[in-house]
Amino acid sequence: MAAHEVEEEAEILEAAYIEKGSAGYLATMLALFSSGFATFALLYCVQPMMPILSDAFAIDAASSSLVLSISTAMLAVGMLITGPISDAVGRKSVMSLALLGASGFTLLGAIMPTWEGVLITRALVGLSLAGLCAVAMTYLNEEIHPRSIGVSMGLYIGGNAIGGMSGRLISGVMVDFVSWRVTLGTLGLIGLIAALIFIRILPPSRHFQPRSLKPRSLAAGFVGHFKDRGLPWLFFESFLLMGSFVTLFNYIGYRLLGAPYHYSQAVIGLLSIVYLSGIYSSAWAGGLADRLGRNRVFWAFIALMLGGLGLTLFEPVVLILIGMLLFTFGFFAAHSTASSWIGKRATQAKAQASSLYLFSYYVGSSLAGTLGGVFWHYGGWNGVGAFIAVLLAIALAVGLHLRRLPVKQAAA
């Protein structure tokens, strides 16, 4: 190929990227914002209901936590399937079907008469959402101009944070006035509306290149990711960070329902406003990481989570709230940084790399989120705090190890 033809092809590829500030960029971010909102509203709306479900079905806190843990466990399993499928068949179609399915199963869960039936529908919600979670980050890394990846990923994760906050806030307040079934059905309808918006406005892929679903091709991508000096550590970090985050929010409600606080379910639901700090920090951290390098800032966000956790161990509710704010700010900053880092480091099978990251993320949510109930049973909030502190101490050590990666490897 002649030199001028190479230059022309490079210019075409450059122009095909979605540029920040363009109409296509706005449509993309609105679509992914709505999908992230719906995903995490549908996933986490059951978290504030856990004490209500404990009473409704006569189960303890650890058993009640399964209503979330089974969703995240199936989501994790689904990640290993949907990422490679999207590498073969495309991005938008997989994400659209995932969001529609999750909304439908949420509506079905609202009418299930038994605890086992509720858990089955929640498992199906998690399995469906895998098709969106595994692919959205890959879509961004493929379609957005490389110089805007960090801030774009931050905006997407900001939508996740708003969804997680809104799901908890809506359900936490509603269950004080209507049944948990009406509450769950309402969230299902919200998810359905978001799915229709997503399908309507998301631009089609321009850089998608189909990959084979043959086992040899999948195995080659898997081996390649684990040979990388940073990716396996980032997968481990996602396990530790998400496990810490979900554990805190699973059991803080039980603490504030009891002595000396005796807050209502509605008041505890309102505490979800701490997610506002995560909405800001995810976009802010993405831009900061683009400028300074991910390896230079990542560990500091984990240290901030540890400081916030320490404040929640004190009794004054003001300190608990400040601690939750700092903890949430640090978590979303760390998650935003790590998510964009995955796309930078993975040179092939990008959806598979995102799937492995999110598989670890939701395995951490399921295992640590349920295991935290054991620490709550035997040690109360101090026991839960000690468990989270161990997870974060390990995460900080790994973050400091990642900081020592060569600059060109860290892909600032």
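Since the model is a prediction, treat every value here as computed from it, not as a measurement. All chains use their own residue numbering, which begins from 1 and follows the written sequence. Totals for whole chains, interfaces and linings use every residue, but because this is a predicted model, local features are given only for residues with pLDDT of at least 70 and side-chain atom pairs only at 80 or more, for both listing and counting. Side-chain measures were taken over the full set of non-hydrogen atoms in the model, leaving aside hydrogen atoms and water.

### A look at the nonpolar core
With 115 residues, the main nonpolar core has Tyr156, Leu241 and Tyr362 as its most contacted residues. Between two residues, a contact is recorded if the distance between any of their heavy atoms is within 4.5 Å. If we ignore the near neighbours within four places in the chain, the residues touching leucine 241 are Phe298, Ile302, Met305, Phe331, Ala334, Leu392 and Ala395. Residues belong to one nonpolar core when they are buried, are Ala, Val, Leu, Ile, Met, Phe, Trp, Tyr or Cys, and are joined through side-chain atoms within 4.5 Å. Throughout this description, buried means an accessible area under 20% of the type-specific maximum (1.4 Å probe, protein chains only), exposed means over 50%, and partly exposed covers the range between.

### Describing the pattern of salt bridges
Salt bridge criterion: a side-chain nitrogen from Lys or Arg within 4 Å of a carboxyl oxygen from Asp or Glu. As enumerated under the stated definition, the model contains one salt bridge in all. We note a salt bridge from glutamate 142 to arginine 91, for which the minimum N-O separation is 2.5 Å. Of this pair, glutamate 142 sits in helix H7 (residues 115–143) while arginine 91 sits in the loop between helix H5 (66–89) and helix H6 (92–109); the two residues are 51 residues apart in sequence, bridging distant segments of the chain. Elements are defined by DSSP. Helices are runs of H or I of four residues or more, strands are runs of E of two residues or more, and each kind is numbered from the N terminus.

### Let's talk about the packing of aromatic side chains
Each pair of aromatic rings taken from Phe, Tyr and Trp, with Trp reduced to its six-membered ring, is defined by centres within 6.5 Å and is described as stacked if the planes are under 30 degrees apart, edge-to-face if over 60, and tilted in the remaining cases. Within the structure shown, the criterion is met by 20 aromatic pairs. When the centroid spacing of 6.2 Å and the interplanar angle of 5 degrees are considered together, the rings of phenylalanine 245 and phenylalanine 327 count as stacked. Note that phenylalanine 245 is positioned in helix H11 (residues 231–257) and phenylalanine 327 in helix H15 (residues 317–345), a separation of 82 residues in sequence. Taking the relative accessible area as the measure of exposure, phenylalanine 245 reaches 2% and is therefore buried.

### Comments concerning the packing of helix H8 (residues 149–174) against helix H9 (residues 180–201)
For helices, the fitted line uses only the C-alpha atoms of the stretch in contact; every axis is such a line through C-alpha atoms, and the angle between N-to-C directions lies from 0 to 180 degrees. Across the interface, H8 lies against H9 with an axial gap of 9 Å and an inter-helix angle of 150 degrees. Considered as vectors, H8 and H9 are oriented roughly antiparallel to each other. Where H8 crosses over H9, the two elements pack in a sense that is right-handed. Here Gly167, Ile170, Ser171 and Met174 of H8 come into contact with H9, specifically with Val182, Thr183, Thr186, Leu187 and Ile190. Under the scheme applied, nonpolar residues are Ala, Val, Leu, Ile, Met, Phe, Trp, Tyr, Cys and Pro; charged residues are Asp, Glu, Lys and Arg; polar residues are all the others, including Gly. Of the residues belonging to the contact of H8 with H9, the class tally is five nonpolar, four polar and no charged. Throughout, the term roughly parallel applies to angles under 35 degrees, roughly antiparallel to angles over 145, roughly perpendicular to angles from 65 to 115, and oblique to all others. Each crossing gets its hand from how the near helix is turned against the far one by less than a right angle, where anticlockwise is left-handed and clockwise is right-handed.

### A short note on unusual backbone geometry
Residue proline 260 is bonded to the preceding alanine 259 through a cis peptide linkage, with omega at 0 degrees. Inspection of the secondary structure puts proline 260 in the loop between H11 and helix H12 (265–270). At histidine 262, a residue that is not glycine, the phi angle is positive and equals roughly 55 degrees.

### Some words on the side chain of serine 35
Looking at the element boundaries, serine 35 is found in helix H2 (residues 23–44). On the accessibility criterion, serine 35 (0% relative accessible area) is buried. Not counting residues within four places of it along the chain, the set of residues in contact with serine 35 comprises Leu99, Leu132, Tyr156 and Phe198.

### As for H5
Expected span of a helix: the number of residues minus one, times 1.5 Å. The end-to-end C-alpha separation of H5 is 33 Å, in line with the 34 Å expected for 24 residues at 1.5 Å each. Glycine 90 sits one or two residues past H5 and shows a positive phi near 125 degrees.

### Some remarks on the confidence of the model for the chain
pLDDT is defined as a per-residue confidence score from the predictor, taking values between 0 and 100. Looking at the chain as a whole, its pLDDT mean stands at 84, while 91% of the residues score no less than 70. For the chain, the element scoring lowest by mean pLDDT is helix H17 (residues 407–410), at 42; helix H14 (residues 294–312) scores highest, at 95. This model gives residues 407–412 a pLDDT under 50, and the stretch forms 12 contacts once residues within four places in sequence are excluded.

### Brief notes about the packing of H14 against H15
Remark: H14 packs on H15, axes separated minimally by 7 Å, with the N-to-C direction vectors making an angle of 155 degrees. Relative to H15, H14 is oriented roughly antiparallel. Every pair of crossing elements has a handedness; the one defined by H14 and H15 is left-handed.

### Brief notes about a nonpolar patch on the surface
Within this analysis, patches are made of residues with over 30% relative accessible area and no salt bridge. Like charges are joined at 9 Å or less; nonpolar side chains (Val, Leu, Ile, Met, Phe, Trp, Tyr) at 5 Å or less. What sets the accessible areas is the Shrake-Rupley method with a 1.4 Å probe; for residues, cover comes only from the shown protein chains. Taken together, the side chains of Leu100, Leu107, Leu189, Leu192, Leu196 and Ile199 present a nonpolar region at the surface, about 450 Å² in accessible area. Listed by contribution, the elements that provide at least two residues to the nonpolar patch are H6 and H9. Of all the elements, H9 adds the most residues to the nonpolar patch, at four residues. Positionally, isoleucine 199 belongs in helix H9.

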